[in-house]
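# Structure at a glance
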Amino acid sequence: LDFWATWCGPCKAAMPSIQKLHEKFADKAVTIIGVNCWEDKAETAIKYMDNKKYTYTLLLKGDDLAKEYGISGIPTLILIGKDGNVLHTGVGFAPEEEENLAKLIEAELAK
């Protein structure tokens, strides 16, 4: 889960890496979901994803889900394992995060 908003610069900077993860694991039992939250209009998020040609799943109006997960800042990335438990939570996004997430996903798939 990638909690994000169009007005969040670091969120937008992370999205190319999220797209790469989506493409890398497209043929595996992995679902990448962008959870748009704290956005004035849902159409803004749809338009942004379309314009950037991001093809991973988009969940709109994710404010309640963000609250359920205790999200206080974005971007926040949450990796959920096969058993439904949270494997990793990361706030913010650094270039090495894409590689770290890929390794965690591969380890989970290998189980």
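Residues numbered from 1 in each chain as written. Predicted model: local features only at pLDDT ≥ 70, side-chain atom pairs only at ≥ 80, totals over all residues. Heavy atoms only, no water.

Two elements in contact, helix α1 (residues 9-24) and helix α4 (residues 97-110), have axes whose closest approach is 10 Å; the angle formed by their N-to-C orientations is 30°. Regarding the angle of α1 to α4, the classification is roughly parallel. For the element pair α1 and α4, the recorded crossing hand is right-handed. Contact residues: α1 offers S17, K20, L21 and K24, while α4 offers E98, L101, A102 and E106. Here the contact of α1 with α4 is composed, by residue class, of 3 nonpolar, 1 polar and 4 charged. (Axes fitted to C-alpha atoms, helices over the stretch in contact; angles between N-to-C directions. Helix = DSSP H or I, 4+ residues; strand = E, 2+ residues; numbered from the N terminus. Parallel < 35°, antiparallel > 145°, perpendicular 65-115°, else oblique. Left-handed = near helix turned anticlockwise from the far one by under 90°. Contact = heavy atoms within 4.5 Å. Nonpolar A, V, L, I, M, F, W, Y, C, P; charged D, E, K, R; others polar.)

Right, let's talk about the state of the cysteines for a bit. Inspection of every chain in the model, using the stated rule, returns 1 disulfide. Each disulfide pairs two cysteine sulfurs, and for C8 the partner residue is C11, the sulfurs being separated by 2.3 Å. Disulfide C8-C11: torsion about the S-S bond near 80°, hence right-handed. Side by side, C8 and C11 carry an identical accessibility label, which is buried. A disulfide-free cysteine, C37 has its sulfur positioned 7.4 Å from the sulfur of C11, the nearest such atom. A relative accessible area of 0% means that C37 is categorised as buried. (Disulfide = S-S within 2.5 Å. Buried < 20%, exposed > 50% of the residue type's maximum accessible area, 1.4 Å probe, protein only.)

A few words on unusual backbone geometry. Residues apart from glycine generally show negative phi values, whereas peptide bonds are mostly found in trans. The omega torsion across I74 and P75 is 5°, close enough to zero to call that bond cis. The phi dihedral of W38 is positive, around 55°, even though this residue is not glycine. Note that W38 resides in the loop between β2 (33-36) and α2 (42-52). Not every positive phi belongs to a glycine, and K53 is a case in point at roughly 60°. Among the secondary structure elements, K53 is positioned in the loop between α2 and β3 (57-59).

Its 16 residues place the ends of α1 24 Å apart at the C-alpha level, agreeing with the 22 Å of an ideal helix rising 1.5 Å per residue. The principal kink in α1, of about 35°, is found at M15, preceding the proline P16 by one to four residues. Buried residues of α1: C11, A14, M15, S17, I18, Q19 and L21, and no others. Contact partners of the buried residues in α1: β1 (2-4), α2, β4 (76-80) and α4. (Expected span 1.5 Å × (residues − 1). Bend = angle between axes of the 7 residues up to and from the residue.)

One open sheet holds the 5 strands; their spatial order is β3-β2-β1-β4-β5, and the pairing between them is mixed. The sheet is open, and its two edges are formed by β3 and β5 (86-91), each paired on a single side. Sheet twist, expressed as the mean angle between neighbouring strand axes with direction ignored, is 20°. Pairing geometry for β4 and β5, over 5 bridges, is antiparallel. Note that in β5 the partner of T76 across the bridge is V91. (Pairing = 2+ DSSP bridges.)

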